[in-house]
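Okay, here's what each chain looks like letter by letter:
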Amino acid sequence: MAINHTGYIDFLPAALAAKRRRRRMRFMIKAEMEQVKIVGYLIRHTGTIPVDRRAGAGAYAVAVQALRAGELVGVYPEATISRSFELKEFKTGAGRMAIEADVPILPLIVWGAHRLWTKDHPRALGRNRIPVTVVVGEPIPPAGPVSELSTTLRASMNALLERAQADYPAPAGQYWVPRRLGGGAPTLEEARRLEEVELAERARKRAEGRR
């Protein structure tokens with residue numbers, strides 16, 4: 001199952017959607033999230049597959065094995081949170097796993113969860129009435145080449161995203177509303193520059209830590 005990534009708890013609505021179909025979803029999630037107390041707890045108790053992004057071959061093999069065994073594996077093709085709340089460019093991992101395991105990809109969109117907890121904004125967890133929408137598309141056959149499969153997947157998810165947004169309030173200027181809908185979120189290009197600054201800062205801190 002391929003899921004868009006707009007915040008830190010996208011996986012919860014996606015998992016609930018799977019549960020309503022009496023399925024359990026195992027997520028691939030970056031290993032650093034184990035350090036976040038509540039997320040770390042969920043990782044340890046839900047069969048989540050932690051991914052070390054510097055050496056992800058082990059997690060990839062575990063995911064493929066799980067898919068071959070008939071399990072449902074949730075992945076984020078964008079890899080990291082989209083600050084623009086639009087779809088970023090996709091990595092090829094979802095397509096490669098689907099082809100190798102010979103299973104279809106189910107596109108899934110979560111919309112609204114980013115209002116609860118996302119990058120650069122305070123979290124709003126707890127009691128609230130923030131609606132969250134989940135939309136699931138038709139299965140996509142695991143036909144190669146991988147680049148074409150990724151393109152097909154992104155197009156399907158983009159259509160689902162626009163469908164979810166069309167039925168959701170979009171107050172002008174709000175940080176969680178995409179720019180193209182009149183909101184205050186960064187554009188894709190602005191978000192890309194913010195991510196480059198973030199990555200550069202992480203690299204600087206790692207370099208200082210090795211001194």
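Residues numbered from 1 in each chain as written. Predicted model: local features only at pLDDT ≥ 70, side-chain atom pairs only at ≥ 80, totals over all residues. Heavy atoms only, no water.

S.K.: Which parts of the structure should I look at to understand the pattern of salt bridges?
M.R.: Pairs can form between side chains of opposite charge whenever their charged atoms are close. One pass over the structure, following the stated rule, counts 13 salt bridges. The partner of Arg-26 in a salt bridge is Glu-71, and the shortest N-O contact between them spans 3.5 Å. Placement of the pair is Arg-26 in strand E2 (residues 25-30) and Glu-71 in the loop between helix H3 (57-68) and strand E4 (72-74), with a sequence separation of 45 residues. On the basis of relative accessibility, which here comes to 18%, the residue Arg-26 falls in the buried class. In this structure Glu-71 comes out as partly exposed when scored by relative accessible area, which is 34%. Via salt bridges that share partners, Arg-83, Lys-119, Asp-120, Glu-198 and Arg-202 belong to a single interconnected network. (Salt bridge = Lys/Arg side-chain N within 4 Å of Asp/Glu carboxyl O. Helix = DSSP H or I, 4+ residues; strand = E, 2+ residues; numbered from the N terminus. Buried < 20%, exposed > 50% of the residue type's maximum accessible area, 1.4 Å probe, protein only.)

S.K.: I keep staring at the packing of helix H4 (residues 93-101) against helix H5 (residues 146-166) and nothing clicks. Help me out?
M.R.: The relative placement of two packed helices comes down to the angle between their axes together with the axis-to-axis distance. Where H4 meets H5, the closest approach of the two axes is 9 Å, and the angle between their N-to-C directions is 115 degrees. Here H4 and H5 pass one another in a crossing that is right-handed. Residues Ala-94, Gly-95, Arg-96 and Ile-99 of H4 pack against Val-146, Leu-149 and Leu-153 of H5. Taken together, the residues that form the contact of H4 with H5 break down as five nonpolar, one polar and one charged. (Axes fitted to C-alpha atoms, helices over the stretch in contact; angles between N-to-C directions. Left-handed = near helix turned anticlockwise from the far one by under 90°. Contact = heavy atoms within 4.5 Å. Nonpolar A, V, L, I, M, F, W, Y, C, P; charged D, E, K, R; others polar.)

S.K.: Whenever I open this one, the environment of Glu-190 confuses me. Can you help?
M.R.: Within the secondary structure, Glu-190 is located in helix H6 (residues 188-209). A relative accessible area of 28% places Glu-190 in the partly exposed class. A sequence separation of 107 residues divides Glu-190 from Arg-83, and the C-alpha atoms of the two residues are 8.8 Å apart. Among the polar contacts listed, one links the side chain of Glu-190 to the backbone nitrogen of Thr-187, at a separation of 2.9 Å. (Polar contact = N/O pair within 3.5 Å; in protein donor to acceptor, adjacent residues only side chain to side chain.)

S.K.: So what exactly am I meant to see when it comes to the pairing of strand E5 (residues 107-111) here?
M.R.: Remark: a regular strand shows side chains that alternate across the two faces of the sheet. Along E5, five of the five residues are buried, which leaves the element largely enclosed by surrounding structure. Here two bridges tie strand E1 (residues 2-3) to E5, and the two strands are oriented parallel to one another. Bridging from a neighbouring strand, Ala-2 pairs with Pro-107 of E5. Pairing of E5 with strand E6 (residues 133-136), which is carried by four bridges, proceeds in the antiparallel orientation. Looking at the pairing, Leu-108 lines up with Val-136 of E6. (Pairing = 2+ DSSP bridges.)

S.K.: Would you explain the environment of Pro-139 in this entry?
M.R.: Position of Pro-139 among the secondary structure elements: in the loop between E6 and H5. The sequence separation of Pro-139 and Ile-105 amounts to 34 residues, and the corresponding C-alpha distance is 5.5 Å. Those residues in contact with Pro-139 that sit more than four places away from it in its chain are Pro-104, Ile-105 and Leu-106.

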